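Geometric and topological summary
This is what each chain is made of:
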Amino acid sequence: MYCQVVFPLPFRNAFTYSIPAEFETSVKIGVRVVVPFGKRVLTGFVIGISETTDIKEKIKNVKDVLDENPIFDERALKFYEWISDYYISSTGEALKNSVPYGTEVESKRKIVSDLDYCEELLEKEKKKTSLKAKVLAVLTQKEVFSISQIQKEVKSKNIHSVLNRLEKAGAVSILNETGSAKVRVKTQKFAGLNKPLDEIYDLIPAIEKKSPKQVVVLLELLSNKTDIALSELLGKTKTSASTVNGLEKKNFIKIYDKEIERVYSETYKEANKKVQLSAPQKIVVDRAGETLSSGKFETFLLHGVTGSGKTEVYIELAKKAVNKGKDVIILVPEISLTPQITSRFVNHFGELTAVFHSKMSLGERYDTWRGIINGKYKVVIGPRSALFAPLRNVGLIVVDEEHDQSYKQQDITPKYNARDSAIIRAKFSNCPVLLGSATPSMESMYNALSGKYTLLELPERIDKAKLPEIKLVDVVLEKKKKRMESIFSKTLLDAVGDRITKKESVIILQNRRGFATQVFCNDCGEVITCDECSVSMVHHINKNILQCHYCGIVKHVPKACPVCGSIALKFFGTGTQRVEDELDFYLPDVKIERVDSDSINRKGKLGEILNSFRKGEINILVGTQMVSKGLDFSNVTLVGVISAETSLWLPDFRADERTFQLLTQVSGRAGRSEKEGEVIIQTENARNFVLQKVVENDYKGFYEKEIALREQGEYPPFTRLGLIEMKNEKEDRVKAAIKEFSNYLKKYQKNLKVTPPAEAAIYRIKGQYRYQILIKSSRKIDPSGKLLRSAIHNSYIEYMQKTRFKEVKVIIDIDPQSIV
């Protein structure tokens, strides 16, 4: 028997391996196998089984099988193949999303150097700036290195040929070591009685004469009635391991390893409320429920104003799916949304609910993933990665806040969009997918209005709650009237004070972390920027450091300007730390808490903050966009926005849409009960069309103007976009490489619009220069985007075959969410 295996590496071929007799029953489509690959050992995914093969060369054997049950079946494999085809990656790279990090087995190469000989070769090397000289200089520092350590030291990945020459010369030895997976099943020793109770009671008098301590252990086990953890038994009885071992030798008790499941539990808890659906909610549930019951695919766009009860709709539909024996996936855009929604689903589905996100430990994610495979969970909730949960029988997929850009994978290949991929998974699963939002994306609303999706609406808030009154405060006029207290207008400060007096809660949004967003010299105008990125450093006052939010580099706050030596340094711009700090000054007796990625880095911290906020122990929540989405607290009556312009001035075609969505969403946190809500937005541009539509709560008006601008500018949903990004430490190499790639694209210009190569808006990140090509394909000519993807893929293959710039990294992004 033979199996076809793919790897999470950037090549599309499947490789054939022979299945030894011992593994013939366990190797199936969908399991992972450990196999030799060149000089390495890797984990791959089995995507096919055959009895024969046409391969004439010697075929290597499978070394091990990692899974008892398949992670995916042939239907799920088609979904992963769609992802690899659409987002231009290998099938193995797409399948990597189906397993949690740390479960793979692979070999690592170690470089062991002869220190004296490397020193000798370095002295003989004439050109000390050559790559060989740099590698030798590193190898003289210590005996053992990993390849990645050497690459990092010399700032080049192309060191393999140098290492091979040094190995032939006898200066280094290259060793292959196969490591085990980073995460595995957790076990704990347990103890239990090994004889009938009557027999134990009869033996106790005899044992007591020789070993009273053993009797104490037996009595503890008798009183427990169930087996107990060995550590707990020794602690309770104050006995040693030798006492227990003696009882085991006499066969009175048994000691064994028992698997311990690591279960993640949210610190946030909410009481279970009985909810009566409103008439509009019933209409939505009935309409989507029809499709669910018939087992058909259909895409619904649920456009419901903030506070209209979308979560209750999700729960009712999930109940219908679970009652039919089906599984449910609930996607939320960020981890910040999981505490509240998870608590509500747990209240209805109990232990059938699993949460899956990056704040969980490796062990918790691994055990949850295994529980999903074994059918323990029916409802899986989480950010974009939860879409790949290995559920066998999906009957409903919900994408909450479907407009959110965090559904787009920005960091690794494939750069999939979880919202769009959810629609395809639902299609392969023959089930409905529900996209919910108060501010649907331009693309989704366009698809709904053109009949591709079914539009469902919740136009009013539940529980007789009204939408909040929204006011714009022009800070330019406020400054002239001397009504500004540092970053706050008197209007906003007075409103906050009034709400606190009434024992109501307040949310303040400032979509930037840190204290000051720029540090500059008042004499020479120098702005302190990151050494590795083309962005300013952000001042964090709690640690008194400057930090880059792109690469994480930290600097001390300088006492003087690094260019002219002046001490006239100014801290400019406002981050969440400054908002918190100044509120603390103006309202010293008020409990304020900050919610951003700096403040909630500890596991469970966000749930604790939200619990305290719900109970009224925290009066004001200050945060970034994390506080703008999904939070539902009946006591919040005021939302303040420090600066509406944070995202409005970005050089990106989605900037207006993002600003409208962010401000509408954060406004929706206010007045979600019978208490009326108020929103105060500070701005320097009060006449701006986007802000006016936010004040009027006019999504329809905003959509109509924005969609006309998109058509005029040839942007989605009227075109499909592809973004080619190239990056490297050497700018001249990147420029030459992207020019070469651009030349290969020229032959496809008849059907595509290809922009000339240009610097990215942030042209340097982590020491790497970035250049981009934007490619547009009209949906009239290319409705599925096949021409666009084919042109990019063929150009990429030609480039990789012919280029001399192999060290320049190429990133392909289909349907980019941002072109910054």
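Scroll up for the structure.
Residues numbered from 1 in each chain as written. Predicted model: local features only at pLDDT ≥ 70, side-chain atom pairs only at ≥ 80, totals over all residues. Heavy atoms only, no water.

1. A short note on the nonpolar core
Formally: Put simply, a nonpolar core is a bunch of buried Ala, Val, Leu, Ile, Met, Phe, Trp, Tyr and Cys residues held in one set by side-chain atoms that sit within 4.5 Å of each other. When a residue's accessible area, from a 1.4 Å probe over protein chains only, is under 20% of the maximum for its type it is buried; when over 50% it is exposed; and in between it is partly exposed. For the purposes of this entry, the term helix denotes a DSSP run of H or I that reaches at least four residues, the term strand denotes a run of E that reaches at least two, and both are numbered from the N terminus.
Of all hydrophobic cores here, the largest spans 107 residues; its most connected members are L331, L621, M726, I775 and Y799. Ranked by residues supplied to this core, first place goes to helix α24 (residues 731-745) with six residues. Core analysis: the second largest hydrophobic core is formed by 27 residues, L292, A318, I330 and L456 among them.

2. Details of helix α14 (residues 362-373)
Heads up, the condition is: Between the first and last residue of a helix there are one fewer steps than residues, each counted as 1.5 Å, and that sum is the expected span. The contact criterion used is simple: two residues touch if any of their non-hydrogen atoms lie within 4.5 Å.
Its 12 residues place the ends of α14 17 Å apart at the C-alpha level, agreeing with the 16 Å of an ideal helix rising 1.5 Å per residue. Among the 12 residues of α14, 11 are classified as buried, and the element is accordingly described as predominantly covered. Taken together, the buried positions of α14 are G363, E364, R365, Y366, D367, T368, W369, R370, G371, I372 and I373. Where the residues of α14 are buried, they touch β3 (32-37), β11 (253-259), β14 (353-355) and β15 (379-382). G375 occupies a position one or two residues after α14 and carries a positive phi of about 80°.

3. Details of the sheet that holds strand β24 (residues 538-540)
Counted only if it meets this: Strands are labelled as partners when DSSP assigns at least two bridges between them. Every axis in this analysis is a line fitted to C-alpha atoms, fitted for helices over the stretch in contact. Angles between the N-to-C directions lie between 0 and 180 degrees.
Pairing is antiparallel in the open sheet, where three strands are placed in the order β24-β25-β26. At either margin of the open sheet sits one strand with a lone partner, and together these are β24 and β26 (554-556). Pairwise comparison of adjacent strand axes, ignoring direction, gives a mean angle of 35° for this sheet.

4. Here we look at unusual backbone geometry
Cis rather than trans, the peptide bond between T413 and P414 has omega equal to -5°. In this structure, P414 sits in the loop between β16 (394-400) and α15 (418-429). Going from P716 to P717, the amide bond is cis rather than trans, its omega being 10°. Position of P717 among the secondary structure elements: in the loop between α23 (699-713) and β32 (719-728). At E401, a residue that is not glycine, the phi angle is positive and equals roughly 50°. Relative to the helices and strands, E401 resides in the loop between β16 and α15. A positive phi is found at K482, a non-glycine position, where the angle reads about 60°. Along the chain, K482 turns up in the loop between α17 (475-480) and β20 (484-485).

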